Number of protein chains: 2
Amino acid sequence: MTSVSEIEIIDALKLKTFDNHYKNIIQGIGDDGAITSIDADYHLVTTTDAISEGVHYPKGIEAKAIGHRCLAVNLSDMAAMGAEPLWASLVFSKPSIDQLWLEQFILGFSELANKHKVSLIGGDTISGPELFSVTLQGIVPKNKHIRRSTAKIGDLVYVTGFLGNASQGLKIVQEDKKNSSSKKLVQDFLYPHPRLTESSAISRFASSMIDISDGFYSDLKKVMKASNVGAEIKISDLPISELLLNNIPKEDAINAALFGGDDYELCFTIPREFKKDFLEDYQSTDRIGITCVGEIKEKNLLLLDDHNEEFELSGRAFEHF
Amino acid sequence: MTSVSEIEIIDALKLKTFDNHYKNIIQGIGDDGAITSIDADYHLVTTTDAISEGVHYPKGIEAKAIGHRCLAVNLSDMAAMGAEPLWASLVFSKPSIDQLWLEQFILGFSELANKHKVSLIGGDTISGPELFSVTLQGIVPKNKHIRRSTAKIGDLVYVTGFLGNASQGLKIVQEDKKNSSSKKLVQDFLYPHPRLTESSAISRFASSMIDISDGFYSDLKKVMKASNVGAEIKISDLPISELLLNNIPKEDAINAALFGGDDYELCFTIPREFKKDFLEDYQSTDRIGITCVGEIKEKNLLLLDDHNEEFELSGRAFEHF
């Protein structure tokens, strides 16, 4: 295995990727800092998330998925703010690397960056413990960002996509039980798809938004706490995929949907009076499905069964990795 | 030892520090991303530097110095761009922490942040390997940033402060030879002072600038490469402190000044025609001393002795930690 120097990592990142979308970059990689510009009608949005082996992903997963993941988790935060990502700074720390590993990491990072027109403007490479950190900068029209603290009583609670696939995918990786039928769940864990296209439509109507990284239940609670409200969620309305239901018992699938992390879907609230316009607008072009799962209430987080009575948690609440 | 949760770290960072200078922050810590604004006459400047135990500092140094360091290295980059720092995002990764350690880390970070009116706007905390990464954002009047690629033949080469103290300080820590006379050198390593006050005066006249993190020789070479020029440096003009000369033989002190890292002084070039105005302006208020050490030439980096002949390197070139 060829070892790779710090300079080669920067060069590889700089040269092989991120072409044709150097938006507002006056000075990119190559000086003490990057220089960029923000148009006067916009605010700057900044997110920072780091991932570490054994904490955010299991040892031994493919390098491409790690490169994808460290950017994806930040893109998901950017989507949750209703913002457009522009520039990434990457801290790349690894004790040693070989050329093939690096190429795959860069492939995962750059494919996602190019998809969302994100440019790498700086960072740091270290022969240190395995950890990858991204600070992502983006823009949002002034005062149009979507907070998690502005949900109102009566608003409808929506989520994008399916819940629970990623945490089951992770479990399959951890237990080394991958087979042809569970492959898609593993992919859902390895390659989360930040909902940026969806976010730009949602943010025109949403009163609050958060991305689901720690699990729907936990992240909805953050919205409730920040907004000082409660919520009622109908368990039978949770979007659970056929794929997941074919893989584990329904009870476990519900637990995964409620408590499983790593889905990187969006959870958002829509004022009732905007519901019709929102759905018309959202469904007018091809986007991932959305599901109304409940309503913002005055207080507490209540999970309801089909008879509108309190849903009994199985007691086997999903343990997040 | 009390263990500290992720929430407590964020709360401690958020609440105990960084008061009274929330410049242009619309949304700080507490949502998926931070929202800030840039005035129309300014460009955004972004730096990212991470530090890791055993790579950037030896195991066992005080927590306060680590908190200081992870911000200082970024402030130094900001100074080298001629920019004003505003907002920091911190990735805090450590396998376990106790309350006292955390308090000291925060003290080191926040004292320096408050000194330079920098606010913490976000970040991430991880129970992971020891690594601290900061992305610092700042501003510079449009097109007034100082590059390392714009030194011109005939420009004078200056440095701020003294060279070599920090690397000798590190050596003393590594060899555990601290005593009353060498204490100041150790402090120079543990608590680098980013030259932001100096930078704001220098950047009105400088044609190029870089901060000295890897050693004067190595960092000047980066300026030369980026600017496609050479330089002549007079060894007897290198600013070497009495303190360093009292601690090690002159030959070793010269090596430390040339090749020792971690000084975090500025190296910059001043066009000859600006020399008089620059010195008058710079020396009109109380700033760290500056020294002219040479001149930009067409090519090669030539070290000259007192007879203007090539200086013989001792062969004991300083090994950077």
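Just so it is clear, the model here is predicted, and its values are computed rather than measured. (Residues numbered from 1 in each chain as written. Chains lettered and ligands numbered in written order. Predicted model: local features only at pLDDT ≥ 70, side-chain atom pairs only at ≥ 80, totals over all residues.)

## Some thoughts on the interface of chain A and chain B
Line of reasoning, step 1. If you look at the interface, chain A gives 46 residues, while chain B gives 46 residues.
Line of reasoning, step 2. Here the residues of the side of chain A that touches chain B are counted per class, giving 19 nonpolar, 19 polar and eight charged.
Line of reasoning, step 3. Relative to strand β3 (residues 42-52) of chain B, strand β2 (residues 34-36) of chain A runs antiparallel, the two being bridged by three bridges. Bridge pairing in β3 of chain B links A34 of chain A to T46 of chain B. (Contact = placed C-beta atoms within 7 Å. Nonpolar A, V, L, I, M, F, W, Y, C, P; charged D, E, K, R; others polar. Pairing = 2+ DSSP bridges. Helix = DSSP H or I, 4+ residues; strand = E, 2+ residues; numbered from the N terminus.)

## A look at the domain arrangement of chain A
Line of reasoning, step 1. For chain A, the assigned domains read domain 1 (6-141) and domain 2 (156-304).
Line of reasoning, step 2. Using C-alpha coordinates to define each centre, domain 1 of chain A is positioned 25 Å away from domain 2 of chain A. (Domains from an automatic or database assignment.)

## Points about the relation of the copies chain A and chain B
Line of reasoning, step 1. Overlaying chain A on chain B yields an RMSD of 0.0 Å, the required transformation being a rotation through 180° with an accompanying axial translation of 0.0 Å. Accordingly, the operation relating the two chain copies is best matched by a two-fold axis.
Line of reasoning, step 2. The residues that chain A uses at the interface reappear at the interface of chain B in 100% of cases, marking a shared surface. (Least-squares fit on C-alpha atoms with pLDDT ≥ 70 in both.)

## Let's talk about the nonpolar core
Line of reasoning, step 1. By size, the foremost hydrophobic cluster in this structure holds 182 residues, and its most contacted members are A88 and C267 of chain A together with A88 and C267 of chain B.
Line of reasoning, step 2. Setting aside residues no more than four positions away along its own chain, C267 of chain A makes contact with V157, V159, I210, I212, F216, D219, L220 and V223 of chain A. (Core = buried A, V, L, I, M, F, W, Y, C linked by C-beta atoms within 7 Å. Buried ≥ 20, exposed ≤ 12 C-beta atoms within 10 Å, placed from the backbone.)

## Focus: the sheet that holds strand β1 (residues 25-27) of chain A
Line of reasoning, step 1. Reading across from one edge, β1(A)-β2(A)-β3(B)-β6(B)-β4(B)-β5(B) is the order of the six strands in this open sheet, with mixed pairing throughout. Two strands in the sheet have a free side with no partner beyond their single neighbour: β1 of chain A together with β5 (119-126) of chain B. Strand-to-strand twist across the sheet, computed as the mean angle between neighbouring axes with direction ignored, equals 20°.
Line of reasoning, step 2. Pairing of β3 of chain B with strand β6 (residues 131-141) of chain B, which is carried by eleven bridges, proceeds in the antiparallel orientation. Its bridge partner lying in β6 of chain B, H43 of chain B is registered against V140 of chain B. (Axes fitted to C-alpha atoms, helices over the stretch in contact; angles between N-to-C directions.)

## Description of the sheet that holds strand β8 (residues 208-212) of chain B
Residue and element names in this part refer to chain B.
Line of reasoning, step 1. Pairing in this open sheet of six strands is mixed, and the strands run β8-β10-β7-β11-β9-β12 from one edge to the other. The open sheet terminates on both sides in strands that have one partner only, identified here as β8 and β12 (301-304). With direction set aside, neighbouring strand axes in the sheet form an average angle of 25°.
Line of reasoning, step 2. Sheet strands touched by helix α2 (residues 63-80): β8 and β10 (265-270). Its angle to β8, the strand with the most contacts, is close to 165°.
Line of reasoning, step 3. Of the strands in this sheet, β7 (156-160), β8, β9 (230-234), β10 and β12 touch helix α7 (residues 216-227), which is tilted by about 150° from β8.

## A word on the packing of helix α4 (residues 165-174) of chain B against helix α5 (residues 183-190) of chain B
Residue and element names in this part refer to chain B.
Line of reasoning, step 1. Close contact between α4 and α5 brings their axes to 7 Å; oriented N to C, the two are set at 105°. Here α4 is positioned roughly perpendicular relative to α5, judged by the angle of their axes. Contact residues: α4 offers N165, A166, Q168, G169, L170, I172 and V173, while α5 offers L185, V186, D188 and F189.
Line of reasoning, step 2. Grouping the constituent residues of the contact of α4 with α5 by class yields seven nonpolar, three polar and one charged. (Parallel < 35°, antiparallel > 145°, perpendicular 65-115°, else oblique.)

## Topic: the environment of D286 of chain A
Residues and elements named next belong to chain A.
Line of reasoning, step 1. Tracing the chain through its elements places D286 in the loop between α10 (275-282) and β11 (290-297).
Line of reasoning, step 2. Given 6 C-beta atoms within 10 Å, D286 falls into the exposed group.
Line of reasoning, step 3. Taking the C-alpha atoms as reference points, D286 and Y264, 22 residues apart in sequence, are found 19 Å from one another.

## Here's the deal with unusual backbone geometry
Line of reasoning, step 1. For K117 of chain A, which is not glycine, the phi dihedral falls at a positive 55°.
Line of reasoning, step 2. Looking at where K117 of chain A falls in the secondary structure, it is placed in the loop between α3 (99-115) and β5 (119-126).

## Let's talk about α4 of chain B
It helps to recall that an α-helix has 3.6 residues per turn; residues three or four apart then point in one direction.
Line of reasoning, step 1. With eight of ten residues buried, α4 of chain B lies mostly within the body of the structure.
Line of reasoning, step 2. Count one or two residues on from α4 of chain B and you reach D176 of chain B, which has phi positive near 55°.

## Some words on helix α5 (residues 183-190) of chain A
Line of reasoning, step 1. Buried within α5 of chain A we find L185, V186, D188, F189 and L190 of chain A.
Line of reasoning, step 2. Residues of α5 of chain A that are buried make contact with α2 (63-80), α4 (165-174) and α8 (242-247) of chain A.

## A short note on the environment of R204 of chain A
Residue and element names in this part refer to chain A.
Line of reasoning, step 1. Take R204: it is sitting in the loop between α6 (196-202) and β8 (208-212).
Line of reasoning, step 2. For R204, a count of 15 C-beta atoms within 10 Å gives the class partly exposed.
Line of reasoning, step 3. In this structure, the C-alpha to C-alpha distance between R204 and T125, residues 79 residues apart in sequence, is 39 Å.

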